[in-house]
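Reading the structure
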Amino acid sequence: MDYGKDRVVALVDMDCFYVQVEQRLNPQLKNKPCVVAQYKTWKGGGIIAVSYEARAHGVTRNMFADDAKKLCPDLQVARVRESHGKADLTLYREASVEVIEVMSRFAVVEKASIDEAYMDLTGAVQQRLRAMPGRPMEPGLLKTTHVQGFPQRVQEEEAVLDKEEHRHQGLQEWLDSLPSLSGPACPELQLAVGAVIVEEMRAAVEEHTGFRCSAGISHNKVLAKLACGLNKPNRQTVLPLGSIAELFSTLPVGKIRSLGGKLGASITETLEVENIGELTRFTRGQLTEHFGDKTGQWLYDLCRGIEFEPVKPRQLPKSIGCSKNFPGKSALATGEQVLSGSVMTYRCWD
């Protein structure tokens, strides 16, 4: 197996999860511009989730509900429940447990947040390959799957294809390039089988919970997370290593998982680069000289799409954070107000 291609990893992201939970509770909210907001004492409360119908009107997270209604007068606002003056996320956490329970039937799951989870599909893929007959992979098994980088050659008349036709053409071209299921299990074939499993898993999640999700399938966590965001909502994207060079040539360093903060800023400043693909110009020695042995080696592999962080079996969130914003008239002006327990309420998230 080629270096860095021995695993099949997926990142599953629930589409507008808080909104979907509210829509399941109140079906009248479906197919309408809708948001979920926390608290309402200041400008209708802060928005924490936005449906795609509302996004089309320019509504975004962290906007106040009253401001959002100016952009979208028909906006439906669902409220996070409160308990003892604090946001109560029990409803969403319980819904998340439902999703994880279904996902766990298919592969090893690492819950990353209330609406995201990684899956290591390697074992499930190997088992499926042994059980599948020796015939070409059928595109009908991958009805919502995009393949990044395909079709590779877009003719002038193909440039006007709609998104679904373009997806199908790219998928077919990629599948045609794969060996038979009776041949050696090449990395790309394993990704294809992994994509079939994720299609089945997503369908099972929707059947058992009513929730839709998107997914990215590749050889590691970084690529899976990146792929997941390429074709939302309710779609999945396969990211083969052969498509990395073109994608990374225009992808800003900060868009990569773990490079959105100080390390990413240090890389762009120290090396005078903007896109992650530009790091391939530097030798392993140059990168370790600037960033140390461990980080330098990691960056050398990462800019080529290679990463080895394992998927760790975990069905509980890694951490819980609490904070509270005090905008406008509720701003805390004195130390006494800050210390006063009567004014402290919290916003919590997984």
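See the structure printed just above.
Residues numbered from 1 in each chain as written. Predicted model: local features only at pLDDT ≥ 70, side-chain atom pairs only at ≥ 80, totals over all residues. Heavy atoms only, no water.

**Details of the packing of aromatic side chains**
Aromatic rings in a pair are described by how distant their centres are and how their planes are angled relative to each other. For clarity, the cut-off: Between 30 and 60 degrees the pair is tilted, below 30 it is stacked and above 60 it is edge-to-face, where a pair is any two Phe, Tyr or Trp rings, Trp via its six-membered ring, whose centres lie within 6.5 Å. In this text, helices come from DSSP runs of H or I with a minimum length of four residues, and strands from runs of E with a minimum of two, each type numbered from the N-terminal end.
For the structure on display, the rule yields three aromatic pairs. Centre to centre, the rings of Tyr18 and Tyr92 are 4.2 Å apart; their planes meet at 5°, and the pair counts as stacked. Note that Tyr18 is positioned in helix α1 (residues 17-25) and Tyr92 in helix α4 (residues 90-103), a separation of 74 residues in sequence.

**Topic: the sheet that holds strand β3 (residues 46-50)**
To keep things clear, this is the line we draw: At least two DSSP bridges between two strands are needed for those strands to be called paired. For helices, the fitted axis covers only the stretch in contact; all axes are lines through C-alpha atoms, and the angles between them, taken along N-to-C directions, range from 0 to 180 degrees. Should any heavy atoms of two residues lie within 4.5 Å, those residues are counted as being in contact.
With mixed pairing, three strands are arranged side by side in an open sheet as β3-β2-β4. Strands with a single pairing partner mark the edges of an open sheet, and in this sheet they are β3 and β4 (76-79). Averaged over all pairs of adjacent strands, the angle between strand axes in this sheet comes to 40°, irrespective of strand direction. Here strand β2 (residues 34-38) pairs with β3 via four bridges, running antiparallel. Within β3, the position partnered with Val36 by the bridge is Ala49. The strands touched by α1 are β2, β3 and β4; relative to β2, the strand with the most contacts, the crossing angle is about 105°.

**Some points on the sheet that holds strand β11 (residues 236-238)**
Strand order in this open sheet of six strands is β7-β8-β1-β10-β11-β9, and the pairing throughout is mixed. For this open sheet the edge positions go to β7 (108-113) and β9 (145-147), each flanked by a neighbour on one side alone. Direction aside, neighbouring strands of the sheet carry axes that sit 20° apart on average. Here β9 runs beside β11; their pairing, made up of three bridges, is parallel. Across the sheet, the residue bridging to His146 is Thr237, located in β11.

**Side note on empty space enclosed by the protein**
Spelled out, the test is: Lining residues are defined by having an atom within 4 Å of a point belonging to a cavity or pocket. Those points lie on a 1 Å grid over the protein atoms alone, cavities being sets where a 1.4 Å probe fits but cannot get out and pockets being open sets with protein on both sides within 12 Å along at least five of seven lines. Grid points are joined across faces, edges and corners, and a volume is the space filled by probe spheres set on the points. Throughout, the ten residues Ala, Val, Leu, Ile, Met, Phe, Trp, Tyr, Cys and Pro are labelled nonpolar, Asp, Glu, Lys and Arg are labelled charged, and all others, Gly among them, are labelled polar.
Tallying each qualifying case throughout the model produces one cavity of 30 Å³ or more. Approximately 60 Å³ is the volume attributed to the largest cavity. Looking at the largest cavity, the residues that line it are Val12, Met14, Ser96, Val99, Ile100, Met103, Ser113, Ile114, Asp115, Glu116 and Ala117. Going through the elements one at a time, β1 (9-14), α4 and β8 (116-120) are the ones with two or more residues in the lining of the largest cavity. Ranked by residue count, the leading element in the lining of the largest cavity is α4, at four residues. The residue makeup of the lining of the largest cavity, split by class, is seven nonpolar, two polar and two charged.

**A few points about the packing of helix α10 (residues 262-271) against helix α11 (residues 284-291)**
Quick reminder of the rule: With respect to orientation, any angle under 35 degrees is reported as roughly parallel, any angle over 145 as roughly antiparallel, any angle of 65 to 115 as roughly perpendicular, and every other angle as oblique. For a crossing to be left-handed, the near helix must be turned anticlockwise from the far one by less than a right angle; the clockwise case is right-handed.
One can describe the packing of α10 onto α11 by two numbers: an axis separation of 12 Å at closest approach and a directional angle of 120°. By the angle between their directions, the pair α10 and α11 is classed as oblique. For α10 against α11, the interelement crossing comes out right-handed. Contact with α10, carried on its side by Leu263, Ser266, Ile267, Thr270 and Leu271, involves Leu287, His290 and Phe291 of α11 and no other residues of that element. Grouping the constituent residues of the contact of α10 with α11 by class yields five nonpolar, three polar and no charged.

**Things to note about the nonpolar core**
Heads up, the condition is: In plain words, nonpolar cores are sets of buried Ala, Val, Leu, Ile, Met, Phe, Trp, Tyr and Cys residues tied together by side-chain atoms within 4.5 Å. Here's how the labels work: a residue is buried when its accessible area is under 20% of the maximum for its type, exposed when over 50%, partly exposed in between, all with a 1.4 Å probe on protein chains only.
Ranked by internal contacts, the top residues of the largest apolar core, which has 60 residues, are Met103 and Trp174. Among the elements that line this core, the one with the most residues is helix α7 (residues 187-209), at 11 residues. Once you skip the residues sitting within four places of it in the chain, Trp174 turns out to touch Val147, Phe150, Glu188, Leu191, Ala192, Val238 and Pro240. Counting 25 residues, the second largest nonpolar core, distinct from the first, contains Val222, Leu223, Leu247 and Leu302.

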